[in-house]
Amino acid sequence: MLYQSMDGGCSGDMAAEFGDEPHVLAVDDNLIDRKLVEKLLKNSSCKVTTAENGLRALEYLGLASDKRNALDGTVSSIISPSDSDLEIESQRLPTCLCLKCQVSKVNLIITDYCMPGMTGYELLKKIKESSVLREVPVVIMSSENVPTRISQCLQEGAQMFMLKPLKQSDVKRLECYLMRCRS
């Protein structure tokens, strides 16, 4: 089942063009769900970066306030070796990349609602509070159909709320956010 924000769709300026391969940041603490979302998105010709929790997603986006300056992406404290890597497309790459580089690469963020440490709703709020990232579409997914949770996420700025497990037909509905909408 799919719940969509009241605006009904996306505008052309909400998604960036990245040649033929839009880039999605997929956030889920469950490895199986994360791999399923990654596979479905890759089947739809997307580049996928995965993060196992909200903090890792914020680090990748350059919004982890204790690690980076949100304006210029500079490191503001020493990053321990255990925090210096992020799983990106099944490889390990450094997270010390500037915010401008990260923003220019992400078309869409899809996140699980229920995760330890930081919920998908809290991640959504942080993204929408960022002047740089607020226009990036965010989709929340959950295995629980809780109407108040769905309303809360849509009111906070989520483009869609999808029920898990995701299917290829669900990913097809995201195409408007992955590429510029055509009139």
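Position labels on residues start from 1 in each chain and follow its written sequence. At least 70 in pLDDT is required for a residue's local features to be given in this predicted model, at least 80 for side-chain atom pairs to be given and counted, and no such filter applies to totals for whole chains, interfaces and linings, which use all residues. Side-chain measures were taken over the full set of non-hydrogen atoms in the model, leaving aside hydrogen atoms and water.

1. Notes on the environment of Pro116
Helix and strand definitions here come from DSSP, where helices need a minimum of 4 consecutive H or I residues and strands a minimum of 2 consecutive E residues; each element is numbered from the N-terminal end. On the secondary structure map, Pro116 appears in the loop between strand E6 (108-112) and helix H4 (120-129). Between the C-alpha atoms of Pro116 and Gly54, which are 62 residues apart in sequence, the distance is 8.6 Å.

2. Digging into the pattern of salt bridges
A carboxyl oxygen of Asp or Glu within 4 Å of a side-chain nitrogen of Lys or Arg is what we treat as a salt bridge. Per the stated rule, a full pass over the model turns up eleven salt bridges. The closest approach of N and O atoms between Glu38 and Lys35, which form a salt bridge, is 3.5 Å. With a gap of three residues between them, Glu38 and Lys35 both fall in helix H1 (residues 31-43), about one helical turn apart. Each residue's exposure class comes from its accessible area (1.4 Å probe, protein chains only) as a fraction of the maximum for that residue type: buried when under 20%, exposed when over 50%, partly exposed otherwise. Here Glu38 falls in the buried class, since its relative accessible area comes to 4%. Beyond isolated ion pairs, a larger network of salt bridges with shared partners links Asp28, Asp33, Asp112 and Lys164.

3. Overview of the packing of helix H2 (residues 54-61) against H4
How two helices pack is summed up by the angle between their axes together with the distance between the axes. Inter-axis angles, ranging from 0 to 180 degrees, are taken between N-to-C directions of lines fitted to C-alpha atoms, where helices are fitted over the stretch in contact. Contact geometry of H2 with H4 gives a least axis separation of 10 Å together with a crossing angle of 20 degrees. Taken together, H2 and H4 sit at an angle that is classed as roughly parallel. As H2 packs across H4, the resulting crossing turns out to be right-handed. In this structure, H2 uses Gly54, Ala57, Leu58 and Leu61 to contact H4, whose residues at the interface are Leu123, Lys126 and Ile127. In this scheme, roughly parallel covers angles under 35 degrees and roughly antiparallel covers those over 145, while 65 to 115 is roughly perpendicular and the rest are oblique. Put simply, a crossing is left-handed when the front helix is turned counterclockwise from the back one by less than a right angle, and right-handed when it is turned clockwise. Pairs of residues are marked as contacts when any of their non-hydrogen atoms sit within 4.5 Å.

4. Overview of empty space enclosed by the protein
For cavity detection a 1 Å grid was placed over the protein atoms alone, and a set of points counts as a cavity when a 1.4 Å probe fits there but cannot get out; an open set counts as a pocket when protein lies on both sides within 12 Å along at least five of seven lines, with lining residues being those that have an atom within 4 Å of a point. Grid points are joined across faces, edges and corners, and a volume is the space filled by probe spheres set on the points. On inspection of all chains with the given rule, the structure shows one cavity of 30 Å³ or more. Within this model, the largest cavity holds a volume of roughly 30 Å³. What lines the largest cavity is simply Asp33, Leu36, Val37, Met141, Lys164, Pro165 and Leu166. Charged means Asp, Glu, Lys or Arg here, nonpolar means Ala, Val, Leu, Ile, Met, Phe, Trp, Tyr, Cys or Pro, and polar covers whatever is left, Gly included. Here the residues of the lining of the largest cavity are counted per class, giving five nonpolar, no polar and two charged.

5. Considering the packing of H4 against helix H5 (residues 147-156)
For the pair H4 and H5, interaxial distance at closest approach is 10 Å and the crossing angle is 10 degrees. Looking at the two axes, H4 sits roughly parallel to H5. For the pair H4 and H5, the contacting residues are Tyr121, Leu124, Lys125 and Lys128 in the first and Gln152, Cys153 and Glu156 in the second. Tallied by class, the residues present in the contact of H4 with H5 amount to three nonpolar, one polar and three charged.

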